[in-house]
Amino acid sequence: MSNEVVFFKWSPEYSVNIKTIDDQHQELVNILNRLFVAVSKREGDKAIAGILDALVTYTQTHFALEERLMQQAKYKDFDAHKAEHQKLLDQLDQLCKKHLLEEKAIYFEMLRFLKIWLKEHIQGVDTKYSSALQQAGFSVAAWEHEASAEFALMSDSKKWWEVWKAA
Ligand SMILES: [Fe+2]
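Residues numbered from 1 in each chain as written. Predicted model: local features only at pLDDT ≥ 70, side-chain atom pairs only at ≥ 80, totals over all residues. Heavy atoms only, no water.

Topic: empty space enclosed by the protein
Thinking step 1. Taken as a whole, this structure holds 1 cavity of 30 Å³ or more when the rule is applied.
Thinking step 2. The volume enclosed by the largest cavity comes to roughly 90 Å³.
Thinking step 3. Taken together, the elements giving at least two residues each to the lining of the largest cavity come down to helix H1 (19–40), helix H2 (45–72), helix H3 (78–102) and helix H4 (106–135).
Thinking step 4. Its residues placed into classes, the lining of the largest cavity shows 9 nonpolar, 1 polar and no charged. (1 Å grid on protein atoms, 1.4 Å probe; cavity = no way out; pocket = protein on both sides within 12 Å on 5 of 7 lines; lining within 4 Å. Points joined across faces, edges and corners; volume = space filled by probe spheres on them. Helix = DSSP H or I, 4+ residues; strand = E, 2+ residues; numbered from the N terminus. Nonpolar A, V, L, I, M, F, W, Y, C, P; charged D, E, K, R; others polar.)

Details of the coordination of the iron ion
Thinking step 1. With distances of 2.0 to 2.3 Å, the protein atoms coordinating the iron ion are Glu-66 (OE), His-81 (NE2), His-85 (NE2), His-121 (NE2) and Asp-126 (OD).
Thinking step 2. In the primary sequence, the donor residues of the iron ion line up as E-x14-H-x3-H-x35-H-x4-D. A residue pair is termed long-range when its members are at least 10 positions apart, and Glu-66 in helix H2 and His-121 in helix H4 qualify at 55 residues.
Thinking step 3. Classification of Glu-66 by relative accessible area gives buried; the value is 0%. (Donors = N, O, S within 2.8 Å, 3.2 Å for Na, K, Ca; no water. Buried < 20%, exposed > 50% of the residue type's maximum accessible area, 1.4 Å probe, protein only.)

Brief notes about H2
Thinking step 1. Helix length check: H2 (28 residues) gives 40 Å between terminal C-alpha atoms against 40 Å at 1.5 Å per residue, within 8%.
Thinking step 2. Lys-74, located one to two residues past H2, shows a positive phi value of around 55°. (Expected span 1.5 Å × (residues − 1).)

Some points on the nonpolar core
Among soluble globular proteins, nonpolar side chains are generally buried collectively.
Thinking step 1. Core analysis: the largest hydrophobic core is formed by 43 residues, its most contacted members being Ile-18, Leu-32, Leu-35, Leu-55, Leu-118 and Tyr-129.
Thinking step 2. Contributing elements (two or more residues each) for this core: H1, H2, H3, H4 and helix H5 (140–158).
Thinking step 3. A per-element tally of this core places H4 first, with 10 residues.
Thinking step 4. Those residues in contact with Leu-55 that sit more than four places away from it in its chain are Leu-28, Ile-31, Leu-32, Leu-35 and Leu-114. (Core = buried A, V, L, I, M, F, W, Y, C linked by side-chain atoms within 4.5 Å. Contact = heavy atoms within 4.5 Å.)

A few points about the side chain of Ser-130
Thinking step 1. Looking at the element boundaries, Ser-130 is found in helix H4.
Thinking step 2. In terms of polar contacts, Ser-130 uses its side chain to reach the backbone carbonyl oxygen of Val-16, at 2.4 Å.
Thinking step 3. If we skip the residues at most four places from it in the chain, Ser-130 touches Val-16 and Ile-18. (Polar contact = N/O pair within 3.5 Å; in protein donor to acceptor, adjacent residues only side chain to side chain.)

Looking at the side chain of His-25
Thinking step 1. Among the structural elements, His-25 can be located in helix H1.
Thinking step 2. Once you skip the residues sitting within four places of it in the chain, His-25 turns out to touch Trp-10, Val-16, His-62, Glu-66, Ile-122 and Asp-126.

Section: the pattern of salt bridges
Thinking step 1. According to the stated counting rule, one finds 6 salt bridges in the structure shown.
Thinking step 2. A salt bridge links Lys-76 to Asp-77, with the shortest nitrogen-to-oxygen separation between them at 3.2 Å.
Thinking step 3. With a relative accessible area of 72%, Lys-76 lands in the exposed category. (Salt bridge = Lys/Arg side-chain N within 4 Å of Asp/Glu carboxyl O.)

Some points on unusual backbone geometry
Thinking step 1. A positive phi angle, near 45°, is found at Arg-42, a position not held by glycine.
Thinking step 2. Following the sequence through the fold, Arg-42 ends up in the loop between H1 and H2.
Thinking step 3. Of the residues examined, Arg-42 reaches a relative accessible area of 71% and is grouped as exposed.
Thinking step 4. The backbone of Lys-74 sits at a positive phi, close to 55°, despite the residue not being glycine.
Thinking step 5. Position of Lys-74 among the secondary structure elements: in the loop between H2 and H3.

Everything listed is a geometric property; what it means functionally is a separate question.
Here it is, written out as structure tokens:
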């Protein structure tokens, strides 16, 4: 495994100092890396489509949780942040549609786009809400306790991890 190229290597500098959110960001990075491997090894349309589906579903789930946190904490830039999330989902949807029409060349464009987006989003806007919440005295620990049960329920209903077993 030592000579294996990791497409997106997680680094502590991407931490937003909220464990639940960091864990989910790492999971997004994992799915992106999984997509890179599948594309590089030409695993076939069905496998790749399954990973793309997992990526979109997990992204939606993660955004929903993040938005709930910001809303509960009455974060002042909530609307702008939510709009960024929606924009990404729209772009992802457009890329998926483009992929259906233009076939394989789209994967690398998509991977590159997602890697840059994720890095910039985490280090830019996610870090901002995280520090604003902590400065405002919002109890992240209490929220995390509640969120972990909630997130488990959200994940249960989606079964997104099935794709890993099938791949
Ligand atoms: Fe975000």
